[in-house]
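What follows is the residue order along each chain.
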4 protein chains.
Amino acid sequence: MTTALDVQRIASRLAEFARDRDWEQFHSPKNIATALSVEASELLEIFQWLTEEQSKEPAREAMERVKEEIADVQLYLVRLCDLLQIDLAAAVDAKFAANVRKYPVHKARGSSKKYDEL
Amino acid sequence: MTTALDVQRIASRLAEFARDRDWEQFHSPKNIATALSVEASELLEIFQWLTEEQSKEPAREAMERVKEEIADVQLYLVRLCDLLQIDLAAAVDAKFAANVRKYPVHKARGSSKKYDEL
Amino acid sequence: MTTALDVQRIASRLAEFARDRDWEQFHSPKNIATALSVEASELLEIFQWLTEEQSKEPAREAMERVKEEIADVQLYLVRLCDLLQIDLAAAVDAKFAANVRKYPVHKARGSSKKYDEL
Amino acid sequence: MTTALDVQRIASRLAEFARDRDWEQFHSPKNIATALSVEASELLEIFQWLTEEQSKEPAREAMERVKEEIADVQLYLVRLCDLLQIDLAAAVDAKFAANVRKYPVHKARGSSKKYDEL
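Residues numbered from 1 in each chain as written. Chains lettered and ligands numbered in written order. Predicted model: local features only at pLDDT ≥ 70, side-chain atom pairs only at ≥ 80, totals over all residues.

### Some points on the overall build of chain A
When its secondary structure is counted, chain A shows 6 helices and 0 strands. Here the C-alpha radius of gyration of chain A, 18 Å, is well above what a compact globule of 118 residues would show, namely 13 Å. Its C-alpha atoms put chain A at 50 × 35 × 30 Å along the principal axes. Residues classed as buried in chain A amount to 41% of the 118 residues present. The long-range fraction of contacts in chain A, counting pairs at least 24 apart against all pairs at least 6 apart in sequence, stands at 69%. (Helix = DSSP H or I, 4+ residues; strand = E, 2+ residues; numbered from the N terminus. Rg over C-alpha atoms; globule rule 2.2 N^0.38 Å. Buried ≥ 20, exposed ≤ 12 C-beta atoms within 10 Å, placed from the backbone. Contact = placed C-beta atoms within 7 Å.)

Put into structure tokens, the structure is as follows:
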């Protein structure tokens, strides 16, 4: 696992990529959120008929597709953050901290319930 | 925009978070891919009735929700990479390079067609 | 537009289709709900880069794909109802009635807000 | 299971519902496809942390939510067909017949592979 994802550099490259192809007209936040959701489903599709156990060790070809779809989701996520000027790392830290508060260990232990049902 | 996302640190914290709550039993790659797709839809839901123009400047409350859903997607993405031992930054670089090849500027300019229809 | 969808006949044919192929092992409600969501995304994908106006008159080829994806969603929906013994028509009637209550004309007029924000 | 879904009547009621609330402005096929996909994800969310076995007998409260989300998907599906003048029953029949051709029993038996990998 790489230590870090260079979000700023990826955002710059994606912006340039879109500008060069005159794709900025298509890149409203609404459309990017749609594309991101479509890619997330393509990722899910790879696992849809596998058992949970099977999903732990995907076949080599499936793994290649998983990597591509994960990358697609990540690229659209960075693009969306860039368009809306959202600090991705700060958003992640804030949400993780919120999850720690919402799911205290003694309540959440072994349960898959949502925080408001615990 | 932050310069970098500390993927390794986030992965470690998520793994500890799951271990502490005995949630590893729920965290098969299949389930995480499902949860990721559900979060991507919750992100999309915020934009669903907005026009593309409106989506460029979401109301303040909508922006707070956007940040939370973006973070949820990012957290599950890192968790999935950790479970399947995927190098997220390498996957992103490889996919971006593939996109540059698949969408040459002179062919893709101003078109929203898929690469295999260009 | 056809007047009616013969839900019972479709359910029977799908059950037989699965039985003949020994696919019942894959058809847990969880998996069918996943497949349904994946198909709904494939439907959305057709519209993702179109403007709202363009989406009102899809090109002929796009229309063919729309019909196929709509059918896929419908087939999984009937299959899921059959597996869980849900009366689809009754569920639809109940939900429509609930929507009428949740969105009174004088409050909802011209607004895309959710009922709990009206 | 009801024998039939009165598609035409549902379409008429949905059209009137939208007209009365001045919601036609929001109901482009693109937006309806988005809403449908969001509802399909809300349906999936109910099952996301259940095992396949558990999903076969959802708790009573979960079943109520399943019915509501299934109805939401069905309502948007009919609305989309109405907007694009698609004959839902004909589309379903055509797709089912195509599936029978694509997945011959002797090839598909016991396999969850896609038709182009069989």
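### Describing the interface of chain A and chain D
Taken together, the contacts link 4 residues of chain A with 4 residues of chain D. When grouped by side-chain class, the residues that make up the side of chain A that touches chain D number 1 nonpolar, 3 polar and no charged. (Nonpolar A, V, L, I, M, F, W, Y, C, P; charged D, E, K, R; others polar.)

### Things to note about the relation of the copies chain A and chain D
Between chain A and chain D, the superposition needs a rotation of 180° and an axial shift of 0.0 Å, giving an RMSD of 0.0 Å. In the structure described here, the two chain copies are related by an operation that fits a two-fold rotation axis. In terms of proximity to the rotation axis, the leading residue of chain A is T34 of chain A, whose C-alpha is 3.8 Å off the axis. When you check the interface residues of chain A against chain D, 100% turn up at the interface there too, and the contact is symmetric in its surfaces. (Least-squares fit on C-alpha atoms with pLDDT ≥ 70 in both.)

### Comments concerning the domain arrangement of chain A
All names here are of chain A. Partitioning chain A into domains gives domain 1 (1-86) and domain 2 (87-118). Once you take the C-alpha centre of each, domain 1 and domain 2 turn out to be 24 Å apart. Listed by partner, the interface residues are 4 residues for domain 1 and 4 residues for domain 2. (Domains from an automatic or database assignment.)

### Describing the packing of helix α2 (residues 29-47) of chain A against helix α2 (residues 29-47) of chain C
Two numbers describe how α2 of chain A lies on α2 of chain C: the axes approach to 9 Å, and their chain directions differ by 140°. Viewed along their axes, α2 of chain A and α2 of chain C adopt a mutual orientation that is oblique. As for the relative orientation of α2 of chain A and α2 of chain C, their crossing is left-handed in sense. In this structure, α2 of chain A contributes T34, S37, V38, S41, L44 and E45 of chain A to the contact, and α2 of chain C contributes T34, S37, V38, S41, L44 and E45 of chain C. (Axes fitted to C-alpha atoms, helices over the stretch in contact; angles between N-to-C directions. Parallel < 35°, antiparallel > 145°, perpendicular 65-115°, else oblique. Left-handed = near helix turned anticlockwise from the far one by under 90°.)

### Digging into the interface of chain A and chain B
Of the residues lining the interface, 62 residues belong to chain A; the matching set on chain B comes to 62 residues. In terms of residues, the side of chain A that touches chain B owes the most to one element, helix α4 (residues 60-84) of chain A, which gives 14 residues. Residues that form the side of chain A that touches chain B fall into these classes: 35 nonpolar, 12 polar and 15 charged.

### Some remarks on the nonpolar core
By size, the foremost hydrophobic cluster in this structure holds 122 residues, and its most contacted members are L36 of chain A, L36 of chain B, L36 and I70 of chain C together with L36 and I70 of chain D. Once residues lying within four places of it in the same chain are set aside, the contact partners of I70 of chain D are L77, L80, C81, I86, L88 and A91 of chain C together with L43 of chain D. (Core = buried A, V, L, I, M, F, W, Y, C linked by C-beta atoms within 7 Å.)

### Details of α2 of chain C
Taking 1.5 Å of rise per residue, the 19 residues of α2 of chain C would be expected to cover 27 Å, and the 28 Å separating its terminal C-alpha atoms lies within 8% of that figure. A large share of α2 of chain C lies buried, amounting to 18 of its 19 residues. (Expected span 1.5 Å × (residues − 1).)

### Some thoughts on the confidence of the model for chain A
Confidence along chain A averages 95 in pLDDT terms, with 98% of residues attaining 70 or more. In the predicted assembly, ipTM is 0.96 and pTM is 0.97. (pLDDT = per-residue confidence, 0-100.)

### Comments concerning the packing of helix α2 (residues 29-47) of chain D against helix α4 (residues 60-84) of chain D
Residues and elements named next belong to chain D. Running from amino to carboxyl end, α2 crosses α4 at an angle of 165°, the nearest separation of the two axes being 9 Å. In terms of orientation, α2 and α4 fall into the roughly antiparallel class. The hand of the α2/α4 crossing is left-handed. Its residues assigned to classes, the contact of α2 with α4 shows 17 nonpolar, no polar and 6 charged.

### Observations regarding unusual backbone geometry
Positive phi, normally seen in glycine, also occurs at Q85 of chain B, with a value near 55°. Mapped onto the secondary structure, Q85 of chain B falls in the loop between α4 (60-84) and α5 (88-102).

### Quick notes on helix α5 (residues 88-102) of chain C
Counted at 1.5 Å a residue, the expected span for α5 of chain C with its 15 residues is 21 Å, and the 21 Å between its end C-alpha atoms agrees. Restricting attention to buried positions, one finds in α5 of chain C the residues L88, A89, A91 and V92 of chain C. Burial along α5 of chain C is one-sided: seen end-on, the buried residues are contained in an arc of 155°. Facing away from the buried side of α5 of chain C, by more than 90 degrees, are the exposed residues A97 and R101 of chain C. The elements touched by buried residues of α5 of chain C are α1 (7-20) and α4 (60-84) of chain C together with α1 (7-20) and α4 of chain D. (Arc of directions from axis to C-beta.)

### Some details on the environment of L118 of chain A
All names here are of chain A. With respect to the secondary-structure elements, L118 resides in the segment after α6 (105-108). What makes L118 partly exposed here is the crowd of 13 C-beta atoms within 10 Å. Among all residues touching L118, those that are not within four sequence positions of it are K107, A108, S111 and K113.

### A short note on the environment of Y103 of chain D
As for its placement among the helices and strands, Y103 of chain D is situated in the loop between α5 (88-102) and α6 (105-108). Sequence spacing of Y103 of chain D and K114 of chain D is 11 residues, and the spatial spacing of their C-alpha atoms is 8.6 Å. Residues in contact with Y103 of chain D, not counting those within four places in the same chain, are R21 of chain C together with A108 and Y115 of chain D.

### Comments concerning the environment of I70 of chain A
Among the secondary structure elements, I70 of chain A is positioned in helix α4. Counting along the chain gives 30 residues from I70 of chain A to A40 of chain A, while the straight-line C-alpha distance between them is 7.7 Å. I70 of chain A has contacts with L43 of chain A together with L77, L80, C81, I86, L88 and A91 of chain B, leaving out every residue within four places of it along the chain.

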